[in-house]
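What follows is each chain in one-letter form.
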Amino acid sequence: MCSYMSTLPSWQDQPSFERLRVTILTAIAFLYAGRNHAGYLWMNEAVPCCRDLELYKRDTYKGLDMVDTELRKRVFWLLFIAQVHSRVNDLIPSCGLHFCPRQTDWEFLLPKELSDEELSDESAHSATGGTPLISGYVALVKLYLSVLDHLDEFFPSTSRPHILSHGGVAARVLPTIESYSNQIEILSAFPMLDSLLQVIQRLNTVADQLPEPLKLPLGTGGVRHSEDHPASVLQQNHQFHSMSANIYMTVIYLQSVMLEVCLDKWQNRSRELSRECEDYSVPIDEAVSAHLWSIKASLGEMLVGVLTCLSGPDLESNGQSMIVKLRQVASTFLYPDGNSKDPNFNFINSFVSRQCLDKALSVLIEIDYLVVKN
């Protein structure tokens, strides 16, 4: 910062993309190292820079070559991901928006799934094969887009400047999802469940459509090790494995935080109705409760499956954010009295909870060992 003040005194009034890129990368480095206050300090510097540069508008990219265009898109999405994280985790988001929701060209801004070599030489697009590393980043972007339209419903903003979407973004940018017409009665009893199911379906669709190098062999019980591959592809495979860890844990994390909001609201509603009427019992309410707990059991099974497939180095290489996500998800399976007061919390949930906690604890111990070792 001192360097910029001495060499470019007007950098705050006339931001450049180079300055923005340095700022956002510094912020990400602090956040991944667990220094959140420093990270968000730099993030708050990047937000007005991005807004002034209008990276959310298609017209801004006119006259730029493909490399400069894609670099700007990637920086835009880094800020977007950080802001969704802040919205989910903080009662008052740490920073304002770096884009105008109504003027953002979401479809155009999706990064192209091209390798760096392909970006540098447009004529080589069809010459190279295989999955480019950027595909993992694009998948991560799609995951956060999957929850965009429902953030204000699950995590109400304290002010309009923090509303990230005015609706309909995911439907335009992401693949269509199946309807839940066979569950109309349940959804009408608790509309938030409809939003949750839409988010889950979109997140799972993104995961299902991952290219082969990024997919995890869920259900096979196998663990992916980079050492299983020839040395010539060792480094690239480790990068894919690290991205897989980030992608799948993000799928679980986003589902978990939104499911917990649903469970909390539903249980509060049930308690209020029970206080008003001591013998209150409605079959459809039982069905909603059972459905929510079945989602949680499925999520727990997915967590165990993902952690079984991933190795410690795959998880550790994602930095402090991965540890925080894992701890936060695992903590939702802790029940101080041994079980939930909800009658629909059954043996299956209890068994899955123990599995999740055992697996998460062993993985966290392994990550701690790797950190100390390195």
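Residues numbered from 1 in each chain as written. Predicted model: local features only at pLDDT ≥ 70, side-chain atom pairs only at ≥ 80, totals over all residues. Heavy atoms only, no water.

As recorded in an unreviewed UniProt entry, the protein chain goes by the name Xylanolytic transcriptional activator regulatory domain-containing protein, listed as coming from Fusarium ambrosium. Check the Subcellular location (unreviewed entry) section of the UniProt entry for the protein chain; it says "Nucleus". (UniProt positions renumbered as here; feature names shortened; annotations may be inferred.)

> Go over the overall build of the protein chain with me, naming the residues and quoting the values.
Scanning the protein chain from terminus to terminus reveals 16 helices and zero strands. The contacts of the protein chain with a sequence gap of at least 6 include a subset with a gap of at least 24, amounting to 76%. Carbon and sulfur atoms provide 53% of the accessible area of the protein chain, an area that totals close to 18,300 Å². (Helix = DSSP H or I, 4+ residues; strand = E, 2+ residues; numbered from the N terminus. Contact = heavy atoms within 4.5 Å. Areas by Shrake-Rupley, 256 points an atom, 1.4 Å probe, with all protein chains shown as cover.)

> Can you tell me about the packing of aromatic side chains, naming the residues and giving the values?
Across all of its chains, the model carries ten aromatic pairs by this definition. Look at Phe76 and Trp77: their rings are 5.1 Å apart centre to centre, the planes differ by 85 degrees, and that puts the pair in the edge-to-face class. In this structure Phe76 comes out as buried when scored by relative accessible area, which is 0%. Owing to a relative accessible area of 0%, Trp77 belongs among the buried residues under this scheme. A centroid spacing of 5.7 Å and a plane angle of 65 degrees characterise the contact between Phe80 and Trp106, whose relative ring orientation is edge-to-face. With Phe80 in helix α4 (residues 66–89) and Trp106 in helix α5 (residues 106–109), this residue pair connects regions lying 26 residues apart in the sequence. Among the aromatic side chains, those forming a connected cluster through ring pairs are Phe76, Trp77, Phe80, Phe99 and Trp106. (Phe/Tyr/Trp six-rings, centres within 6.5 Å; stacked < 30°, edge-to-face > 60°. Buried < 20%, exposed > 50% of the residue type's maximum accessible area, 1.4 Å probe, protein only.)

> An account of α4 is requested, with residue identities and associated values reported.
Helix length check: α4 (24 residues) gives 35 Å between terminal C-alpha atoms against 34 Å at 1.5 Å per residue, within 8%. Counting buried positions along α4 gives 19 out of 24 residues, so the element sits mostly inside the fold. Its side-chain oxygen placed 3.2 Å from the backbone nitrogen of Val67, Asp65 serves as the N-cap of α4. (Expected span 1.5 Å × (residues − 1). Polar contact = N/O pair within 3.5 Å; in protein donor to acceptor, adjacent residues only side chain to side chain.)

> With reference to specific residues and values, describe the nonpolar core.
If you look at the biggest cluster of nonpolar residues, it comprises 109 residues, and the most contacted ones within it are Met43, Trp77, Phe80, Trp106, Leu145, Leu196 and Leu292. The leading source of residues in this core is helix α12 (residues 234–276), at 17 residues. Looking at which domains feed residues into this core, each of domain 1 (11–119 + 130–174) and domain 2 (182–216 + 238–373) supplies at least three. Apart from the residues lying within four places of it in its own chain, the contact partners of Trp106 are Phe76, Trp77, Phe80, Phe99, Pro101, Leu145, Leu148, Leu164, Val169, Arg172 and Val173. (Core = buried A, V, L, I, M, F, W, Y, C linked by side-chain atoms within 4.5 Å. Domains from an automatic or database assignment.)

> Now, about the packing of helix α3 (residues 36–53) against α4: what can you tell me, with residues and values included?
The geometry of α3 relative to α4 is characterised by a closest axis approach of 11 Å and an angle of 125 degrees between their N-to-C directions. In terms of axis orientation, α3 runs oblique to α4. Classified by chirality, the crossing of α4 by α3 is left-handed. Residue-level inspection shows Tyr40, Met43, Ala46, Val47 and Cys50 of α3 in contact with α4, the latter providing Phe76, Leu79, Ala82, Gln83 and Ser86. In terms of residue class, the contact of α3 with α4 is built from eight nonpolar, two polar and no charged. (Axes fitted to C-alpha atoms, helices over the stretch in contact; angles between N-to-C directions. Parallel < 35°, antiparallel > 145°, perpendicular 65-115°, else oblique. Left-handed = near helix turned anticlockwise from the far one by under 90°. Nonpolar A, V, L, I, M, F, W, Y, C, P; charged D, E, K, R; others polar.)

> Quick one: what's the story with the side chain of Lys73, residue by residue and with numbers?
Along the chain, Lys73 turns up in helix α4. For Lys73, a relative accessible area of 3% corresponds to the buried category. Looking at Lys73, its side chain comes within polar contact range of the side chain of Glu70, at 3.2 Å.

> An account of the packing of α4 against helix α7 (residues 134–148) is needed here, citing residue identities and associated values.
In the contact formed by α4 and α7, the axes pass within 10 Å of each other and the chain directions differ by 45 degrees. By the criterion of interaxial angle, the relationship of α4 to α7 is oblique. The way α4 lies across α7 gives a crossing that is left-handed. Contacts between α4 and α7 involve Arg74, Trp77, Leu78, Phe80, Ile81, Val84 and His85 on the former and, on the latter, Ile134, Tyr137, Leu140, Val141, Tyr144, Leu145, Val147 and Leu148. A breakdown of the residues in the contact of α4 with α7 according to their chemical character gives 13 nonpolar, one polar and one charged.

> Before we move on, could you go through the state of the cysteines and cite the residues and values that matter?
Tallied over the full model, the rule gives zero disulfides. You can see Cys50 has no disulfide; the closest cysteine sulfur is in Cys49, sitting 8.6 Å from it. (Disulfide = S-S within 2.5 Å.)

> So, helix α15 (residues 320–331): which residues are in play, and what are the values?
Because the α-helix completes a turn every 3.6 residues, residues three or four places apart line up on one side. Its twelve residues place the ends of α15 16 Å apart at the C-alpha level, agreeing with the 16 Å of an ideal helix rising 1.5 Å per residue. Residues of α15 that are buried include every one of Met322, Ile323, Lys325, Leu326, Val329 and Ala330, and no others. Seen from one end, α15 has its buried residues packed into an arc of 160 degrees, which puts them on one side. (Arc of directions from axis to C-beta.)

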